[in-house]
Amino acid sequence: GESVGLHLPTLSVQEGDNSIINCAYSNSASDYFIWYKQESGKGPQFIIDIRSNMDKRQGQRVTVLLNKTVKHLSLQIAATQPGDSAVYFCAEISAWGKLIFGQGTELSVKP
Amino acid sequence: EAGVTQSPTHLIKTRGQQATLRCSPISGHTSVYWYQQALGLGLQFLLWYDEGEERNRGNFPPRFSGRQFPNYSSELNVNALELEDSALYLCASSLGQGYNEKLFFGSGTQLSVL
């Protein structure tokens, strides 16, 4: 079946370091991916998206990399700040209107 | 501009009761999605409504149902509540112009079934 999984459930980094959150997906037909950030008590917040015709997309302090060969997605956060502490989800749209989320990676930023 | 709003924020029910959760999408958005997020787990797709019609449904029993109103707001109903229905229920909206769209989420309704 379809699934989107994350390699690590938790990630702890020092403030100022770069963070890399990984995600594996199983449906090779997926053509659109989104990273969301969820802070405690809030709904998921859109961070960045990428379509399958791209390998890389950059935003403000964030970069998403897509490797379709190995069905792997990563989110890189530059100069991680305490405000980046949250759970990060990758999600794929593999069927019309069905956004599939992974379990999430909890990022903890140490001051 | 107001984001996606959900009510109530918290809801406490007992087994066997019915729960009604409400969602107002972002102005101009016609698609509404419902997700269930159990503690420590990811988001499980429940329902998708667009232009007043149910477009897709996740792997949930029929006691999970909903509807979308002419103003595009939506309601999620859960009948015959079970303990395992305790979760954060998230509503999201999108422009509804096709698939591969960004979803914008509300803060959710925390449902507790005792």
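Residues numbered from 1 in each chain as written. Chains lettered and ligands numbered in written order. Predicted model: local features only at pLDDT ≥ 70, side-chain atom pairs only at ≥ 80, totals over all residues. Heavy atoms only, no water.

> Just checking my understanding: could you explain the overall build of chain A for this structure?
The number of helices and strands found in chain A is 0 helices and 11 strands. Mapped in sequence order, the helices and strands of chain A form the string β-β-β-β-β-β-β-β-β-β-β. Looking at chain A as a whole, 45% of its 111 residues qualify as buried. When contacts within chain A are restricted to residue pairs at least 6 apart in sequence, long-range pairs at least 24 apart make up 52% of them. Accessible surface, chain A: about 5,400 Å² in total, of which carbon and sulfur atoms supply 47%. (Helix = DSSP H or I, 4+ residues; strand = E, 2+ residues; numbered from the N terminus. Buried < 20%, exposed > 50% of the residue type's maximum accessible area, 1.4 Å probe, protein only. Contact = heavy atoms within 4.5 Å. Areas by Shrake-Rupley, 256 points an atom, 1.4 Å probe, with all protein chains shown as cover.)

> So what exactly am I meant to see when it comes to the interface of chain A and chain B here?
Interface size is often expressed as the accessible area that is lost when the parts come together. Contacts between chain A and chain B engage 21 residues on the former and 21 residues on the latter. Summed over both partners, the interface of chain A with chain B buries about 1,800 Å², with 57% contributed by carbon and sulfur atoms. Summed over the shared surface of chain A and chain B, the result is 0 salt bridges. For the pair chain A and chain B, the number of links is 2 residue pairs in polar contact (both at pLDDT 80 or more). Contributing elements (two or more residues each) for the side of chain A that touches chain B: strand E4 (32–38), strand E5 (45–51), strand E9 (86–95) and strand E10 (98–101) of chain A. At 4 residues, the largest contribution of residues to the side of chain A that touches chain B is made by E4(A). (Buried area = accessible area lost by both parts, 1.4 Å probe. Salt bridge = Lys/Arg side-chain N within 4 Å of Asp/Glu carboxyl O. Polar contact = N/O pair within 3.5 Å; in protein donor to acceptor, adjacent residues only side chain to side chain.)

> Sorry, what's going on with the packing of aromatic side chains here?
Evaluation of the coordinates by the stated rule reveals 11 aromatic pairs over all chains. Between Tyr36(A) and Phe101(A), the aromatic rings sit 5.5 Å apart at their centres with planes inclined by 45°, giving tilted as the arrangement. Here Tyr36(A), found in strand E4, pairs with Phe101(A), found in strand E10; they are 65 residues apart in sequence, far enough to count as distant. Considered together, Tyr36(A) and Phe101(A) belong to a single accessibility category, that of buried residues. Taking the centre distance of 6.1 Å and the plane angle of 85° together, the rings of Phe89(A) and Phe101(A) count as edge-to-face. Pair noted here: Phe89(A) is in strand E9 and Phe101(A) is in strand E10, with a separation of 12 residues, a long-range link. Residue Phe89(A) shares its accessibility class with Phe101(A), and that shared class is buried. An aromatic cluster of at least three residues, connected via ring pairs, comprises Tyr36(A), Phe46(A), Phe89(A), Phe101(A), Tyr35(B), Phe45(B) and Phe105(B). Above the face of the Tyr32(A) ring, Arg51(A) is positioned so that its terminal group lies 4.3 Å from the ring centre. (Phe/Tyr/Trp six-rings, centres within 6.5 Å; stacked < 30°, edge-to-face > 60°. Lys NZ or Arg CZ within 6 Å of the ring centre and 35° of its normal.)

> I would appreciate a short explanation of the pairing of strand E8 (residues 72–77) of chain A in the present structure.
Each regular strand displays side chains that alternate between the two surfaces of the sheet. All names here are of chain A. Extensive coverage of E8 is indicated by the burial of 5 of its 6 residues. As paired elements, strand E3 (residues 19–25) and E8 share 6 bridges and run antiparallel to each other. Paired with Ile20 across the strands is Gln76, a residue of E8. When strand E7 (residues 62–67) meets E8, the two strands line up antiparallel, connected through 6 bridges. Within E8, the position partnered with Asn67 by the bridge is His72. Remark: 4 residues form the turn of the hairpin made by E7 and E8, two consecutive strands paired antiparallel; Lys71 in that turn has positive phi of roughly 55°. (Pairing = 2+ DSSP bridges.)

> How do you make sense of the pairing of E4(A) when you look at a structure like this?
All names here are of chain A. Within E4, 7 of the 7 residues are buried, which leaves it mostly tucked inside the rest of the structure. Taking every second residue as pointing to the same face, both faces of E4 are buried, with Tyr32, Ile34, Tyr36 and Gln38 on one and Phe33, Trp35 and Lys37 on the other. When E4 meets E5, the two strands line up antiparallel, connected through 6 bridges. Along E5, the bridge assignment pairs Lys37 with Gln45. Here E4 folds back onto E5, and the loop between the two strands holds 6 residues, one of which, Gly41, carries a positive phi near 80°.

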